[in-house]
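# Analysis of the macromolecular model
Residue-level listing of the chains:
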Amino acid sequence: MEKEELKNSRREALRKMALFGTGAILFPSVNLFAGTSSLSAASFKTRPYLQNPSPTAMTICWIASTNSFSWVEYGETTELGQKTIGKKHGMAVANNTVNKIRLTGLKPATKYYYRVCSKEIIKLEAYQKEFGMTLNSIKFEFTTPGESPEKVRALVFNDLHERPASIKALLNYNTGIYDFVFLNGDLISEFEDQTRAIKSVIDPCCDNFATRIPFYFGRGNHETRGAHAFNFSDYFDSPSENLYYSFTWGPVYFIVLDSGEDKEDSNFEAYGGLAFFDEYRIEQKIWLEKELNSPERKAAKYTVVLMHIPTHHAGDWHGTTHCRQFIGNTLNKYDISVLIAGHTHSAYYCPGCTEHNYPIMIGGGPADGKRTLIRLEADSQELNVSMLSDNGTTLSKLQVNAKK
Ligand SMILES: [Fe+2]
């Protein structure tokens, strides 16, 4: 290695360390060159981002640039002291770049410090293994949710369509603290490659909150498009194996549905025979009925449904009408506090009408002047949902009294 080249590589490493430090709370203990005598191209492609929170668990995701063996070090002090390796079928989850490691056995309502580590894999032959350098991130922190918190506060973004700056711009209008963020689809316009997820979702979320506050992702129809759409679930974690799921946070039972695509599955030009969203929506309708009849849902003071394509007020393309037929008619039979959606690129609120007896709030679109931030806050007395425009004015407000 020539001297100048070495200097440049170290400069690049320092640049990455500085980049990686955004949002961190401690000075780095980065050791980018540990474990190898030669310089390597290995680096972190993203900071860690939090997924699928629970009072006793948290999933940490990140992407490394080269195939690695990875783990998370964490603890209640900056000394860390605990370590979790992803394991499956008796082996470490290794030789991969996209990491999703779940920390379990955590204490509720407790602050944890953590860092992510990826050891580069040089050779993985049957009887010969060779590892390169170990990347150690700087330390970050998060706080687990309480066991049964009195309140929940959440923010919802939708339809940003690859305009990452919109996240910060809209967050400027939020004044209070929030427990989690919900991405309600179409943040990526065409999911052609991993870079789309990094630039449109992971980096801007990490810039603003995701290293310390978790986000859930409800898939939009645009995230089903493009070659990398088939890898969507590699990057995000949810409380179930599916992209539709439920979770309770404080007084609210949240139900997340995956509304699929907007055109008929038979549209060969769009889907090439690879789409089966009709049967997928019917599968969700069956699941939804069970969810709505579950004791946990019935015990909750509010039921909030999140899905990208709304059941109503979104035209009459196939996706909407199919959602209306199978999801809307089901929701009409239960006491739904609100359905929060997107897709139409036009902010809209309907408190209920002859077509649906539950309120529907539809977030805006990607263009300046159309963008919205939806804020949800609930306690034992009432649920409040408000939609703000990208100049900070309140477009719509909803208040629901707690179920007795
Ligand atoms: Fe959409």
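This report concerns the structure included in the present document. Just so we're clear, the structure is a prediction, and the values are computed from it rather than from any experiment.

## Considerations on the packing of helix 6 (residues 277-292) against helix 8 (residues 318-331)
As a packed pair, helix 6 and helix 8 sit with axes 9 Å apart at the nearest point and diverge in direction by 5 degrees. Here helix 8 runs roughly parallel to helix 6, going by the angle between their axes. Side by side, helix 6 and helix 8 meet where Asp278, Arg281, Ile282, Lys285, Leu288 and Glu289 of the first sit next to His322, Cys323, Phe326, Ile327 and Thr330 of the second. Residue composition of the contact of helix 6 with helix 8, by class: five nonpolar, two polar and four charged.

## So, the environment of Asn184
Tracing the backbone shows Asn184 in the loop between strand 11 (180-183) and helix 3 (194-208). Placed 17 residues apart in sequence, Asn184 and Ile167 show a C-alpha to C-alpha distance of 13 Å. Non-local contacts of Asn184, meaning those with residues more than four positions away in its chain, are made with Val156, Phe157, Asn158, Gly218, Leu306, His308, Ile340, Ala341, Gly342 and Gly363.

## Brief notes about the sheet that holds strand 16 (residues 338-341)
Pairing is mixed in the open sheet, where six strands are placed in the order 13-14-15-16-18-17. Strand pairing shows two members of the sheet lacking a second neighbour, strand 13 (245-249) and strand 17 (348-350), which therefore form its edges. Geometrically, the sheet is characterised by an average inter-axis angle of 15 degrees between neighbouring strands, direction not taken into account. Here three bridges tie strand 17 to strand 18 (residues 360-362), and the two strands are oriented antiparallel to one another. Looking across to strand 18, one finds that Cys350 is bridged to Ile360.

## Brief notes about unusual backbone geometry
Here the phi dihedral of Ala109 falls at roughly 50 degrees; this positive angle occurs in a residue that is not glycine. Mapped onto the secondary structure, Ala109 falls in the loop between strand 6 (94-103) and strand 7 (111-125). Backbone geometry places His343, a non-glycine residue, at a positive phi of 85 degrees. Tracing the backbone through its elements, the reader meets His343 in the loop between strand 16 and strand 17. On the basis of neighbour counts, which here come to 29 C-beta atoms within 10 Å, the residue His343 falls in the buried class.

## Things to note about helix 8
Residues separated by three or four positions in an α-helix point in the same direction, a consequence of the helix having 3.6 residues per turn. The terminal C-alpha atoms of helix 8, which comprises 14 residues, lie 19 Å apart, in line with the 20 Å expected from a rise of 1.5 Å per residue. By the largest-angle criterion, Arg324 marks the main kink of helix 8, which is about 40 degrees. When helix 8 is considered as a whole, its buried residues turn out to be Gly319, Thr320, His322, Cys323, Arg324, Ile327, Gly328 and Leu331. Contacts made by the buried residues of helix 8 are with helix 6, strand 15 (302-306) and strand 16.

The rules behind the values
Residues numbered from 1 in each chain as written. Predicted model: local features only at pLDDT ≥ 70, side-chain atom pairs only at ≥ 80, totals over all residues. Axes fitted to C-alpha atoms, helices over the stretch in contact; angles between N-to-C directions. Helix = DSSP H or I, 4+ residues; strand = E, 2+ residues; numbered from the N terminus. Parallel < 35°, antiparallel > 145°, perpendicular 65-115°, else oblique. Contact = placed C-beta atoms within 7 Å. Nonpolar A, V, L, I, M, F, W, Y, C, P; charged D, E, K, R; others polar. Pairing = 2+ DSSP bridges. Buried ≥ 20, exposed ≤ 12 C-beta atoms within 10 Å, placed from the backbone. Expected span 1.5 Å × (residues − 1). Bend = angle between axes of the 7 residues up to and from the residue.

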